[in-house]
Amino acid sequence: MSSWRSARGTNTSQATSGAVVALGLASGIGLVTGCKAPPPLVDHWTATHAICQPPDPFVSPYRAEGFDEEACHEAIAADLGLDEASFEGNAEAEATRSNLLEAAYQLLGRPLGSVEEARAYADDAHWVRTSFVDELDLMAEELGTDDVRALIYSTLATVVATTRYWSEPIDHAGAGYSFRRDELAVTVCEAPPYCSFSLVHEAAHGWLGASHVACPEGHVLEEGWDYSGVVACDEDWSTVWGLQAGVIVLAYQSVVEAEPENQTTARHIEYIGRIAEFFILED
Ligand SMILES: [Zn+2]
C-alpha cells in the first residue's frame, strides 16, 4: 500500500448503504455498498480524448458538437466497461445509454483548469475546498498530469470496471456504486451535463473508498427533500460531496469565464454550493 493511499479515507466498514439526490434534477447518486481501496489510476483520458476530439474550449453548458462519432462512443463505452446487454431491450435503457456516454463526453472535454489553478481558486466562498485540491494532487502524482479534467475522467474510468443499466429504482438516487464489484449502476441519466456530475459523485466514492453517514433527524432542505436519518450526508468537505462540488464549480466557472453575461451559470454555482452545504454536516 503506497503512502498516498493512507492519505485517503480510512473507512473500511462493511456494507452501509446510502442514497442521495443531486441537484434535484433526477441526476441522483449514491447507493453505495461496502468500501475498499481503489486500484492504481490508469490514464484513460489521453487515448479517448484523441479519438473523440471534443471542441476546445468546450464551454457550452449544453450538448457539445462532435459527439457523433461511433469510434468515440465505443472508446467511452470501453472506458466505462458498459454492460451492453443491460442497456438493450427498451427505449428507456437505450436513451439512458446515449445520455450516459454524452455525460462522460462532457467530463472528457469540459475544461476544469490545472491543479495549481484549482488551488489558487480554493476558498470557502466558492465551495472549492483545499481538501478537494489535495485529492487532485494525489491523482496528479499517479497520472503525471495536472489537467483536472484528465484526472477526473481517468479516475472515473479506473474505479468503474462495469457500468450497467439498473431498471429497479435506486432509493433517492439515479445511480449507485458498488465497491465490491467496482460497478456503477445507472437508473436515471436524463440531462448529460447534470448526469456528468453524478458520474463525478460515484467516482468520488470509488476514489475515496468512502460511503456516507446518516443525516441527522430534521434534516430538511425544502419540501420533498427530507433526509432525516438517510445515509446521504458527509461529515466534512474532505469526502464525496466536497469532491463533487469542487468539480462542478470548476466546470461552471469555465462557462462563466467564457460567457460573463450568463447569469444562469452563476446561479447554478450558488445552487450547487447550497446543496453541498446541505449534505455536508461540518459548519
Ligand atoms: Zn453518494
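Residues numbered from 1 in each chain as written. Predicted model: local features only at pLDDT ≥ 70, side-chain atom pairs only at ≥ 80, totals over all residues.

Caption draft 1: Fine view of the overall build of the chain. Tallying secondary structure elements over the chain gives 10 helices and 6 strands in all. The burial tally for the chain puts 48% of its 283 residues in the buried class. At a minimum sequence separation of 6, the contacts of the chain that also span at least 24 residues come to 69%. (Helix = DSSP H or I, 4+ residues; strand = E, 2+ residues; numbered from the N terminus. Buried ≥ 20, exposed ≤ 12 C-beta atoms within 10 Å, placed from the backbone. Contact = placed C-beta atoms within 7 Å.)

Caption draft 2: Just the environment of L100, in detail. As for its placement among the helices and strands, L100 is situated in helix α4 (residues 91–109). Apart from the residues lying within four places of it in its own chain, the contact partners of L100 are V186, C189 and C195.

Caption draft 3: Quick look at helix α10 (residues 263–279). In a regular helix each residue adds 1.5 Å, so 17 residues correspond to 24 Å; α10 covers 25 Å between its end C-alpha atoms and thus fits that length. In this fold, the buried residues of α10 make contact with β6 (231–233) and α9 (240–258). (Expected span 1.5 Å × (residues − 1).)

Caption draft 4: Spotlight on unusual backbone geometry. Cis geometry marks the peptide bond from D56 to P57, where omega comes out at 5°. Relative to the helices and strands, P57 is located in the loop between α2 (45–52) and α3 (70–79). Positive phi values are uncommon outside glycine, yet Q53 reaches one of about 45°. The topology assignment puts Q53 in the loop between α2 and α3.

Caption draft 5: Region of interest: the nonpolar core. Ranked by size, the top nonpolar core spans 79 residues in total, and within it A104, I152 and L156 carry the most contacts. With 11 residues, the top contributor of residues to this core is α9. Ignoring anything within four residues of it in the chain, the contact list for I152 reads L107, L112, V200, A203 and V247. (Core = buried A, V, L, I, M, F, W, Y, C linked by C-beta atoms within 7 Å.)

Caption draft 6: Structural view of the environment of E217. Its location among the elements puts E217 in the loop between β5 (213–214) and β6. Distance from E217 to V230, taken between C-alpha atoms, is 8.9 Å for residues 13 residues apart in sequence. What E217 contacts, discounting residues up to four positions off in sequence, is S228 and G229.

Caption draft 7: Seen up close, the packing of α3 against α4. Where α3 contacts α4, the axes come no closer than 10 Å and their chain directions differ by 90°. Classified by the angle their axes make, α3 and α4 are roughly perpendicular. Only L101, A104 and Y105 of α4 make contact with α3, whose side of the interface consists of H73, I76 and A77. A breakdown of the residues in the contact of α3 with α4 according to their chemical character gives 5 nonpolar, 1 polar and no charged. (Axes fitted to C-alpha atoms, helices over the stretch in contact; angles between N-to-C directions. Parallel < 35°, antiparallel > 145°, perpendicular 65-115°, else oblique. Nonpolar A, V, L, I, M, F, W, Y, C, P; charged D, E, K, R; others polar.)

Caption draft 8: Local environment of the pairing of strand β2 (residues 162–165). Burial of the side chains of β2 is restricted to one face: T163 and Y165 are buried, whereas none of T162 and R164 on the reverse face is. Inspection of the sheet shows β2 paired to strand β4 (residues 183–186) by 4 bridges, in the parallel sense. Directly across from R164, in β4, lies its bridge partner A185. (Pairing = 2+ DSSP bridges.)

Caption draft 9: Focus on α2. Turning to α2, its buried residues number three or more, namely W45, T48 and C52. Angularly, the buried residues of α2 cover 75° about the axis, an arc narrow enough to put them on a single face. Turned more than 90 degrees away from the buried face of α2 sit A47 and A50, all of them exposed. Along its buried surface, α2 packs onto α3, α4 and α7 (148–159). A positive backbone phi angle near 45° is found at Q53, which sits one or two residues after α2. (Arc of directions from axis to C-beta.)

Caption draft 10: Quick look at the pairing of β4. Because side chains alternate across β4, one face comprises the buried residues E183 and A185, and the other comprises L184 and V186, equally buried. Pairing analysis gives 4 bridges linking strand β3 (residues 175–178) to β4, with the strands arranged antiparallel. Note that in β4 the partner of Y177 across the bridge is L184. Hairpin connection, β3 to β4: the antiparallel pair is bridged by 4 residues, and D182 has positive phi, about 50°.

Caption draft 11: How the structure looks around the confidence of the model for the chain. For the chain, the average pLDDT comes to 83, and 84% of its residues sit at 70 or higher. The element-level mean pLDDT for the chain is lowest in helix α1 (residues 3–6), coming to 28, with α7 highest at 97. Here residues 1–31 is modelled with pLDDT under 50, and outside its nearest four sequence neighbours on either side it reaches 93 contacts, counting other chains as well. (pLDDT = per-residue confidence, 0-100.)

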